[in-house]
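Structural features, examined
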Amino acid sequence: MQRIRAWFVRHYHNLMQIRDTPHAIAGGLAIGVLLGFTPLLGLKTLIAVLLAWMFRCSKLSAAIGVTFHDILWLIWPLILRWQYVIGFWLIRHHRPAKFAPKHLRLEEIMHWKTLNLLWPTLLGSIVMALPIALLCYVVALEVLKRYPGRHHQPPPGS
């Protein structure tokens, strides 16, 4: 519990030191949290930074937001399963059959049919992450507006 608290404190202070508007910081954080829940492994941070740039949000807070899912690493397989079930239900309107990982071989993972696992998981991750990202935006915006200090000014020249 102490490590989780230290992790939150460290990231909180990193967010508070970003020199940008509260809306830009909170927006970047929400984009990062949204993409942090997707199964896009190595592309999450890059896509989050690009989206933050497109929407004129803080790129640094988007990168920090992507790492928020790291505190859930113990239950991450369970979250991925929920995402798959939600996405599968949205696509096919019924629950998927029982899945046993022991029946999945490495060559099947690299096969194109693996998209049958990825699309429902991606759709379910967006459905699951959207309310969490919106909540993070609202909470971060309120915290940033109340944070004392002059840190949250637009950077010079923008």
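A brief structural summary. Computed from a predicted model, the values in this text were never measured in an experiment.

What follows concerns the overall build of the chain. Across its full length, the chain holds seven helices and zero strands. Along the chain direction, N to C, the helices and strands of the chain fall in the order α-α-α-α-α-α-α. Put simply, the chain has 158 residues, and 35% of those count as buried. For the chain, restricting intrachain contacts to residue pairs at least 6 apart in sequence, the fraction spanning at least 24 positions comes to 77%. Per element, the accessible surface of the chain, about 10800 Å² overall, is 70% carbon and sulfur.

What follows is about the pattern of salt bridges. Taken as a whole and assessed by the stated rule, the structure comprises one salt bridge. A salt bridge links Arg146 to Glu142; the nearest nitrogen and oxygen atoms lie 2.9 Å apart. Taken together, the residues span about one helical turn, with Arg146 and Glu142 both in helix H7 (residues 115–146) at a distance of four residues. Judged by relative accessible area, which is 65%, Arg146 ranks as exposed.

The rules we used
Throughout, a residue's number is its position along its own chain's written sequence, starting from 1. Two thresholds apply to this predicted model, a pLDDT of at least 70 for residue-level local features and 80 or more for giving and counting side-chain atom pairs, whereas whole-chain, interface and lining totals are computed over all residues. Neither water nor hydrogens contribute to the side-chain values; these are computed over all heavy atoms in the structure. Helix and strand definitions follow DSSP, with helices as H or I runs of at least four residues and strands as E runs of at least two, each counted in order from the N terminus. Any residue under 20% of the maximum accessible area for its type is buried, any over 50% is exposed, and the rest in between are partly exposed; the area is computed with a 1.4 Å probe on protein chains only. Here, residues are in contact when the closest pair of their heavy atoms is within 4.5 Å. Note that accessible areas follow from Shrake-Rupley with a 1.4 Å probe, and for residues the cover is restricted to the protein chains shown. The rule for a salt bridge is simple: a side-chain nitrogen of Lys or Arg has to be within 4 Å of a carboxyl oxygen of Asp or Glu.

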